[in-house]
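Structure at a glance
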Amino acid sequence: MLIKRREFLKISSLATASMLMPNFLKAMTLDEALNPSQNILVVLQFTGGNDGLNTIIPAKNDIYFRERKTLAIQDSIPLTDEAGINPALSYFKELFDNGELSVMNNVGYPNPDKSHFRSMDIWQSASRSDQFLETGWLGRFLDEECYRCDHPTQALEVDDMLSLALKGENNKAFAFKDPKRLYQTSQEKYFKSLYDHHHDDETVSYLYQTLGSTINNADYIFEKSKAKKTEQVYPNSQLGKDFKTVASLIKSDINTQVYYLSIGSFDTHVNQNDRQKKLFDDINEAVKSFVADMKNNGLFNNILLMTFSEFGRRVAQNASNGTDHGTANQMFFVSGNLKKKGLLNALPDLQNLNEGDLIYKEDFRKVYATILKNWLKADSSKVLGWKDGIYDFV
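Keep in mind that what you see is a predicted model, and the values were worked out from it rather than measured. (Residues numbered from 1 in each chain as written. Predicted model: local features only at pLDDT ≥ 70, side-chain atom pairs only at ≥ 80, totals over all residues. Heavy atoms only, no water.)

1. Section: the overall build of the protein
The helix and strand inventory of the protein stands at 13 helices and 12 strands. When burial is assessed residue by residue, the protein has 57% of its 394 residues classed as buried. Approximately 17400 Å² of the protein is accessible, and the part contributed by carbon and sulfur atoms is 47%. (Helix = DSSP H or I, 4+ residues; strand = E, 2+ residues; numbered from the N terminus. Buried < 20%, exposed > 50% of the residue type's maximum accessible area, 1.4 Å probe, protein only. Areas by Shrake-Rupley, 256 points an atom, 1.4 Å probe, with all protein chains shown as cover.)

Structure follows, in structure tokens:
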């Protein structure tokens, strides 16, 4: 069968999602409701290296203001006597006061890499800086769960491409940007015919079968996404739309335990404050709507929203009113069921730097191990190979 160029491009768009996890797609047809007591993890990736020092501000630190003469945040919202939060994240102050936000400062890893791509690979794979892995920490979680569950533990990424974080050896998450768009593409007559197509070549045949599986399940995903319409108003930003998609799926009976979102770019070498403020405004309003939605539906205690970025920025500003690639950073944790709230550890030590960069105090793999063991109820040692203890904030 000859494939026209336009048809091939559409096949490719489906293959972006479907080739990643055919077994998962078959599993999604299982009509099993989400266990009301099952915890859900929502990961929000700050792509591009967010400046942590202008996120959680060391408001009483003279070094911060000296090194950032034009970039220092002068009107931070107080969290403690020493720390403030960027005013564009005003809703996070409300979460902080309600005991629904925890902040881990100085998170990083030994021998940090300042390349966006390499550092993101390290964070997503949970590797050492001198180790190269082809699987992600959440993908290996899926692999581990499949061995002890009747069906794969499911994960979804709201994006056009699947991140390394969700790729396992045997199981991978499913990536799509819009359930309706995926459904509409899958319902075209040409693609419906693929489900019954056979080809002598094994690889081509596998492609058609996998695409057919996607077509079979696109309807399922779309139906679940609109099963319980929300009365919550979400912002019209892309992140707002993405969180609305996640919320609609959480409220349905789809059995998905991990959701993955991203926003960026935070690569603010030039005119940082304007760019960061715009991104923070989007995050602030989207998270505000999402939390309200979860609370209104009695689900907030079973939700953990975690944020991370591949690295922070240097302490001193550059000559372009921006900051360059740095090292350690903070992570946010938002939930109605936190064991420890507020600032979990000390602010960065600006007197003790490594050639102008922050020195990490907390290993991000210990954070992952904590979430895997305490929140997702998985064997963190098998997923990460991590045996150096965990935290107790969840």
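2. Section: the sheet that holds strand S4 (residues 83–85)
Either a parallel or an antiparallel arrangement is found when strands of a sheet pair, and the pairing is made through backbone hydrogen bonds. The strand order S2-S4-S3 describes an open sheet built from 3 strands, whose pairing is antiparallel. Two strands bound the open sheet, and with one partner strand each, they are strand S2 (56–58) and strand S3 (77–78). As defined by bridge partners, S3 adjoins S4 across 2 bridges and the pair is classed as antiparallel. From the neighbouring strand, Pro 78 faces S4, where its bridge partner is Gly 84. (Pairing = 2+ DSSP bridges.)

3. Structural notes on helix H5 (residues 116–125)
In terms of residue burial, H5 counts as a mostly covered element, since 8 of its 10 residues are buried. Of the residues making up H5, those classed as buried are His 116, Arg 118, Ser 119, Met 120, Ile 122, Trp 123, Gln 124 and Ser 125. Positive backbone phi, at 60 degrees, marks Ala 126, one or two positions downstream of H5.

4. Structural notes on the pattern of salt bridges
This model, assessed by the stated rule, comprises 15 salt bridges. Residues Lys 278 and Asp 282 are paired through a salt bridge, measuring 2.8 Å at the closest nitrogen-oxygen approach. One end of the pair is Lys 278 and the other is Asp 282, both in helix H11 (residues 272–296) and 4 residues apart, which spans about a single turn. Judged by relative accessible area, which is 44%, Lys 278 ranks as partly exposed. A salt bridge links Arg 314 to Asp 357; the nearest nitrogen and oxygen atoms lie 3.2 Å apart. Within this pair, whereas Arg 314 is found in the loop between strand S9 (303–309) and strand S10 (329–334), its partner Asp 357 is found in the loop between strand S11 (342–343) and strand S12 (362–363), the two being separated by 43 residues in sequence. (Salt bridge = Lys/Arg side-chain N within 4 Å of Asp/Glu carboxyl O.)

5. Thoughts on the pairing of strand S5 (residues 101–108)
In regular strands, side chains alternate between the two faces of the sheet. The buried count for S5 comes to 8 of 8 residues, which makes it a mostly enclosed element. Alignment of S5 against S11, held across 2 bridges, turns out to be parallel. Bridging from a neighbouring strand, Ser 102 pairs with Gly 342 of S11. With 2 bridges joining them, S5 and S12 adopt parallel strand pairing. Bridge pairing links Gly 108 to Asp 363 in S12.

6. Focus: the side chain of Arg 68
Of note, Arg 68 is situated in the loop between helix H3 (62–67) and S3. Accessibility expressed as a relative area gives 0% for Arg 68, which makes it buried. Contact partners of Arg 68, with chain neighbours within four places excluded, come to Asp 51, Leu 53, Asn 54, Gln 272, Arg 314, Val 315, Gln 317 and Thr 323. (Contact = heavy atoms within 4.5 Å.)

7. Details of the packing of helix H4 (residues 90–97) against H11
In the contact formed by H4 and H11, the axes pass within 8 Å of each other and the chain directions differ by 45 degrees. Relative to H11, the element H4 is oriented oblique. Packed against H4, whose contacting residues are Ser 90, Tyr 91, Phe 92 and Leu 95, the element H11 presents Ile 283, Asn 284, Val 287, Lys 288 and Val 291 at the interface. Looking at the contact of H4 with H11 residue by residue, the class counts come to 6 nonpolar, 2 polar and 1 charged. (Axes fitted to C-alpha atoms, helices over the stretch in contact; angles between N-to-C directions. Parallel < 35°, antiparallel > 145°, perpendicular 65-115°, else oblique. Nonpolar A, V, L, I, M, F, W, Y, C, P; charged D, E, K, R; others polar.)

8. Here we look at unusual backbone geometry
Omega for the peptide link from Gly 264 to Ser 265 comes to 10 degrees, which places this bond in the cis form. If you trace the backbone, Ser 265 turns up in the loop between strand S8 (256–264) and H11. Of note in the backbone geometry, Asn 111 takes a positive phi value of approximately 50 degrees without being a glycine. If you trace the backbone, Asn 111 turns up in the loop between S5 and H5. Look at Asn 271: it is not a glycine, yet its phi comes out positive at around 45 degrees. Summarising the element assignment, Asn 271 is placed in the loop between S8 and H11. Given a relative accessible area of 47%, Asn 271 falls into the partly exposed group.

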